[in-house]
Amino acid sequence: IPVLFPFGHGLSYTTFSYSDLQVKGNSDHTVTVRVTVTNSGAMAGQEVVQVYVAAQKSKQPRPKKELKAFQKVNLSAGESKIITLTLEQSAFAYFHPKAHKWTVERGKYTVLVGGSSQDIRMKGEVNI
């Protein structure tokens, strides 16, 4: 059933646009997510930038996407800011029921960025 208000939904008197998504795996096993958020409306406002992770293939059933990071940003009309969020390796882990421990599967993951769980503006990919 479609939900009336998805997770992260909020009302604002302005609009926001997302651009220049960069998803980069680092040597310390973290992933850096960088995106530019612009207040494209006529009034100042706040946006909660949300980062979701989705395993492209998994041996275990997993959610379609999982919220792993977020940051609230205040922007004046026309203002842009670069938001940088770091995902630790635990952001890609799930609890393995037979092994009784947290496990990170190797493979490709989709990184989704937007203003709510149903308002995904940009997608990237990272190899873990």
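Our structure is the block above this text.
Just so it is clear, the model here is predicted, and its values are computed rather than measured.

Its identity as a non-glycine residue notwithstanding, Asp-20 has a phi of 55°, on the positive side. Residue placement: Asp-20 occurs in strand β1 (residues 16-25). In this structure Asp-20 comes out as exposed when scored by relative accessible area, which is 53%. With a phi close to 60°, His-100 is a non-glycine residue in the positive phi region. Position of His-100 relative to the elements: it lies in the loop between β6 (93-96) and β7 (101-104). The class for His-100 is exposed, based on a relative accessible area of 60%.

This part covers the sheet that holds strand β8 (residues 108-116). Taking strand neighbours across the sheet as the criterion, the four strands line up as β4-β3-β8-β9 in an open arrangement whose pairing is antiparallel. Each edge of the open sheet carries a strand with a single partner, namely β4 (66-75) and β9 (119-127). The mean inter-strand angle of the sheet, taken between neighbouring strand axes irrespective of direction, is 20°. Alignment of strand β3 (residues 45-55) against β8, held across six bridges, turns out to be antiparallel. Looking at β8, one finds that Val-51 is bridged to Val-113.

Before going further, it helps to spend a moment on the pattern of salt bridges. Summed over the entire model, instances satisfying the criterion amount to four salt bridges. For the salt bridge of Arg-62 with Glu-66, the shortest nitrogen-to-oxygen distance reads 3.2 Å. Its salt-bridge partner being Lys-68, residue Glu-66 comes within 3.6 Å of it at the nearest N-O pair. Taking the relative accessible area as the measure of exposure, Lys-68 reaches 29% and is therefore partly exposed. Within this structure, Arg-62, Glu-66 and Lys-68 form a network of salt bridges that share partners.

Further remarks concern the sheet that holds β1. Reading across the sheet, the three strands line up as β1-β2-β5 and stay open at both edges, with antiparallel pairing between neighbours. The sheet is open, and its two edges are formed by β1 and β5 (80-87), each paired on a single side. Sheet twist, expressed as the average angle between the axes of neighbouring strands with direction ignored, equals 15°.

A separate point is the layout of surface pockets. By volume, the largest pocket amounts to about 280 Å³. Surrounding the largest pocket, 16 residues form its lining, Gly-10, Leu-11, Ser-12, Gln-46 and Glu-47 being those nearest its centre. Elements with a minimum of two residues in the lining of the largest pocket: β3, β8 and β9. A per-element tally of the lining of the largest pocket places β3 first, with three residues. Each pocket or cavity is described by its volume, and for the second largest pocket that value is around 170 Å³.

Rules of the game
Residues numbered from 1 in each chain as written. Predicted model: local features only at pLDDT ≥ 70, side-chain atom pairs only at ≥ 80, totals over all residues. Heavy atoms only, no water. Helix = DSSP H or I, 4+ residues; strand = E, 2+ residues; numbered from the N terminus. Buried < 20%, exposed > 50% of the residue type's maximum accessible area, 1.4 Å probe, protein only. Pairing = 2+ DSSP bridges. Axes fitted to C-alpha atoms, helices over the stretch in contact; angles between N-to-C directions. Salt bridge = Lys/Arg side-chain N within 4 Å of Asp/Glu carboxyl O. 1 Å grid on protein atoms, 1.4 Å probe; cavity = no way out; pocket = protein on both sides within 12 Å on 5 of 7 lines; lining within 4 Å. Points joined across faces, edges and corners; volume = space filled by probe spheres on them.

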